[in-house]
Amino acid sequence: NKFDIVISNNRDASFCSRISFFFLNKKNTKNIYIARGFYFHDNQNYISWILTYFLEIFLLLRTDLILSQTKEDLKKINFFSNLFKIPVKWIGNGVDKKKYNYNFKHINNNKIIFSTTCRFTKGKGIEDLIKVFSQLNRHKNLFLKIIGGPVSQADIKFFNKIKNSTDFKNIEHKIEITGITEFVNEHLNKSDFYIHPSYREGLPKSLVEAMCKGLIPIASEIRGSRELIIHNVNGFLFKPKKINQIKNLILRVINLDDYNLKKISLEANKSIVLYDEKLYLKRQLEGIISCLN
């Protein structure tokens, strides 16, 4: 009750703050939820999805404003947000366009590097990539760069499990794992394509960064990715966990001619015009100010 506004911007913080608001004098404090992805998501069974969906609806009762990174989430709660008169605004995500500047380059067929940026943890589809590249091992010119590494003890356990797998050992000489790094942009500069096999996301900043660079993205068709990518126009989408689809798209993009490579690359870059970091921050600020009025 001592604050004018409480802002939460991840699922755990949001749950704790909004539950606590059932016990506070709501007139004195505004509660803003910056949703980087609602509790319900793509990688759930039907029952789990329904339960988490109605949890979000229940928590609307103690929310004064939702700033959502994805339009898809807003559409799914649109009926209830209107019913409860809860204002909702889309904010998207943001990237420093000066840093992640457009950088189309011709492909060196002797060494083609596919990069993905992620924490080395379950749910990111890393095991699918390892399996795919193991199956494509006969293509001596294909390499995989994982920009990131494990963070928690659970991540390290998962990391060691992957490294000890037969598929990993089969292509160990063709995989680079950078570890947690501040030099994502530099690694993307040395990459030819970007691949994003995650099972669930909000609106992935890593994908926005890669598309800003003009890297042609291949991504799982999940929330966020399908908001950024139009299949066959500015990138390519596959069903999550579908190994053959990933493999076929990799083979497809490495056989594109220069004309189509540049065309799709430019479309990828143009499609994130609204995801400039300054616009992203402006949308957040305008939402917060509107909550005070």
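Conventions and cut-offs
- Residues numbered from 1 in each chain as written.
- Predicted model: local features only at pLDDT ≥ 70, side-chain atom pairs only at ≥ 80, totals over all residues.
- Heavy atoms only, no water.
- Buried < 20%, exposed > 50% of the residue type's maximum accessible area, 1.4 Å probe, protein only.
- Helix = DSSP H or I, 4+ residues; strand = E, 2+ residues; numbered from the N terminus.
- Pairing = 2+ DSSP bridges.
- Right-handed = clockwise from strand over helix to strand, strands pointing away.
- Salt bridge = Lys/Arg side-chain N within 4 Å of Asp/Glu carboxyl O.

Our next topic: the pairing of strand E3 (residues 65-68). Side chains Leu65 and Leu67 project from E3 onto one buried face, and the interleaved Ile66 and Ser68 project onto a second face that is buried too. Strand direction decides the pairing type here: strand E2 (residues 30-35) and E3, joined by four bridges, are parallel. When the bridges of E3 are listed, Ile32 appears paired with Leu65. Running through helix H2 (residues 46-59), the crossover from E2 to the neighbouring parallel element E3 is right-handed. Bridge count between E3 and strand E4 (residues 88-90): three bridges; the pairing is parallel. In the strand pairing of E4, Leu67 is matched with Lys89.

What follows covers the pattern of salt bridges. In this structure the tally under the stated criterion is 12 salt bridges. The shortest N-O distance in the salt bridge between Lys145 and Glu176 comes to 2.7 Å. With Lys145 in strand E6 (residues 142-147) and Glu176 in strand E7 (residues 175-177), this pair connects stretches of sequence that are 31 residues apart. A cluster of three or more residues bridged by salt bridges with shared partners is formed by Asp42, Glu72, Lys76 and Arg226.

What follows is about unusual backbone geometry. Of note in the backbone geometry, Asn232 takes a positive phi value of approximately 75° without being a glycine. Positive phi, normally seen in glycine, also occurs at Lys241, with a value near 75°. Along the chain, Lys241 falls in the loop between strand E10 (236-238) and helix H10 (243-253). Look at Lys241 and you get partly exposed, because its relative accessible area is 45%.

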